[in-house]
Amino acid sequence: MMIRTAQAGDLDAVAALEAACFPPAEAAGRDALQQRLAVFGQHFLLLTEEDGTLVGFINGMVTDLPDLEDRMYDQAGLHNEKGAWQMIFGLDVREQDRCRGYGGQLIKAMTEHAQRQGRKGLVLTCKDYRIPYYAKFGFADEGFCGSVHGGVRWHQMRLTF
Ligand SMILES: CC(C)(COP(=O)(O)OP(=O)(O)OC[C@H]1O[C@@H](n2cnc3c(N)ncnc32)[C@H](O)[C@@H]1OP(=O)(O)O)[C@@H](O)C(=O)NCCC(=O)NCCS
């Protein structure tokens, strides 16, 4: 397996995996993913097999805004390459490869990526049952946040360096 940053040509594979991993109300659409890849593809980390098959990915914009806001999901233009915080909009691993540590590898890779770039830390939102999982990687739960993405209430978690 290898981890690399995304290119525009990865759109089909990324969009297919996103649609397989999240319910329609929560999944990023193809257009939103195309915009994200064009504006901040360097903050898309892809885990692939030797032959290039996509197994998983993690992505998010960088911003000085301290909290993850729903408008960020569809407004790639809010990305600020000089920003303090690395947001995580999605963590996706294909079903047949789950529970082998790949999700953890991607979280660690994005954490090292943010540290190398001198960020203050990382921010994500998740459902309550995922809190223990992200806590294993150093994220602290900040409780329910303002996000109602997909009609769900989300917790915000933060890893501060
Ligand atoms: C969430 C998701 C990304 C996790 O990916 P993953 O590759 O299965 O993650 P990991 O393998 O790192 O860890 C998953 C579980 O497997 C366990 N695990 C990891 N390696 C393992 C192994 N070799 N043997 C047994 N269990 C293992 C982990 O401890 C973890 O257990 P926990 O959930 O009780 O904490 C994946 O389930 C997914 O894509 N879900 C759909 C989209 C989604 O919900 N994304 C997150 C939104 S917040």
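These numbers were taken from a predicted model, which means no experiment stands behind them.

1. Quick look at the overall build of the protein chain
Secondary structure summary: the protein chain contains five helices and nine strands in total. Going residue by residue from the N terminus, the α and β elements of the protein chain occur as β-α-α-β-β-β-α-β-β-α-β-α-β-β. With the C-alpha coordinates of the protein chain rotated into their principal frame, the extents come out at 40 × 35 × 30 Å. Looking at the protein chain residue by residue over its 161 residues, the buried ones come to 50%.

2. Here we look at the environment of Leu 159
Tracing the sequence through the fold places Leu 159 in strand E9 (residues 155–160). Judged by its relative accessible area of 11%, Leu 159 falls in the buried class. As for Leu 159 and Gly 101, which are separated by 58 residues in sequence, their C-alpha atoms are 19 Å apart. With residues up to four places along the chain from it excluded, the contact list for Leu 159 reads Trp 85, Thr 111, Lys 120, Gly 121, Leu 122, Phe 137, Gly 138 and Phe 139.

3. Quick notes on the nonpolar core
Side chains that are nonpolar tend, in soluble globular proteins, to be buried together. Among the nonpolar cores identified, the biggest contains 23 residues, and Phe 44, Met 87 and Phe 89 are the most heavily contacted of them. Taken together, the elements giving at least two residues each to this core come down to helix H1 (11–21), helix H2 (30–40), strand E2 (44–48), strand E3 (54–59), helix H3 (71–74) and strand E5 (85–88). Per element, the largest residue contribution to this core is four residues, and it comes from H1. If sequence neighbours within four positions are ignored, Phe 89 has contacts with Arg 36, Phe 40, Asn 59, Gly 60, Met 61, Leu 68, Met 72 and Tyr 73. Grouped together as the second largest cluster of nonpolar side chains are 22 residues, Leu 106, Met 110, Leu 124 and Met 157 included.

4. Examining the sheet that holds E9
In spatial order, the strands read E4-E5-E7-E9-E8; together these five strands make up an open sheet with mixed pairing. If you trace the sheet from one side to the other, it starts and ends with strand E4 (62–63) and strand E8 (140–144), each paired once. For E8 and E9, the ladder comprises three bridges, and the chain directions are antiparallel. Paired with Phe 144 across the two strands is His 155, which belongs to E9.

5. What about the packing of aromatic side chains?
Under the defined criterion, the tally for this structure stands at seven aromatic pairs. A ring pair is formed by Phe 40 and Phe 89, whose centres lie 6.1 Å apart and whose planes are at 80°; its orientation type is edge-to-face. Taken as a pair, Phe 40 in helix H2 and Phe 89 in the loop between E5 and strand E6 (90–93) lie far apart in primary sequence, 49 residues in all. Phe 89 matches Phe 40 in its accessibility class, with the two residues each being buried. Look at Phe 44 and Phe 57: their rings are 6.0 Å apart centre to centre, the planes differ by 15°, and that puts the pair in the stacked class. One end of the pair, Phe 44, is in strand E2; the other, Phe 57, is in strand E3, with 13 residues separating them in the sequence. The exposure classification of Phe 44 matches that of Phe 57, with both residues buried. Ring-pair connections join several aromatic residues into one group, and the members of that group are Phe 40, Phe 44, Phe 57, Tyr 73 and Phe 89. Above the face of the Phe 144 ring, Arg 153 is positioned so that its terminal group lies 4.2 Å from the ring centre. Between the NZ or CZ atom of Arg 158 and the centre of the ring of Trp 85, over which it lies, the distance is 4.7 Å.

6. Here's the deal with the environment of Phe 161
For Phe 161, the position within the fold is in the segment after E9. Separated by 47 residues in sequence, Phe 161 and Ala 114 have C-alpha atoms that sit 9.5 Å apart. Look past the residues within four positions of Phe 161 in its chain and what remains in contact with it is Thr 111, Ala 114, Gln 115, Arg 119, Lys 120, Gly 121 and Leu 122.

Calculation rules
Residues numbered from 1 in each chain as written. Predicted model: local features only at pLDDT ≥ 70, side-chain atom pairs only at ≥ 80, totals over all residues. Heavy atoms only, no water. Helix = DSSP H or I, 4+ residues; strand = E, 2+ residues; numbered from the N terminus. Buried < 20%, exposed > 50% of the residue type's maximum accessible area, 1.4 Å probe, protein only. Contact = heavy atoms within 4.5 Å. Core = buried A, V, L, I, M, F, W, Y, C linked by side-chain atoms within 4.5 Å. Pairing = 2+ DSSP bridges. Phe/Tyr/Trp six-rings, centres within 6.5 Å; stacked < 30°, edge-to-face > 60°. Lys NZ or Arg CZ within 6 Å of the ring centre and 35° of its normal.

The values are spatial; any link to function lies outside them.
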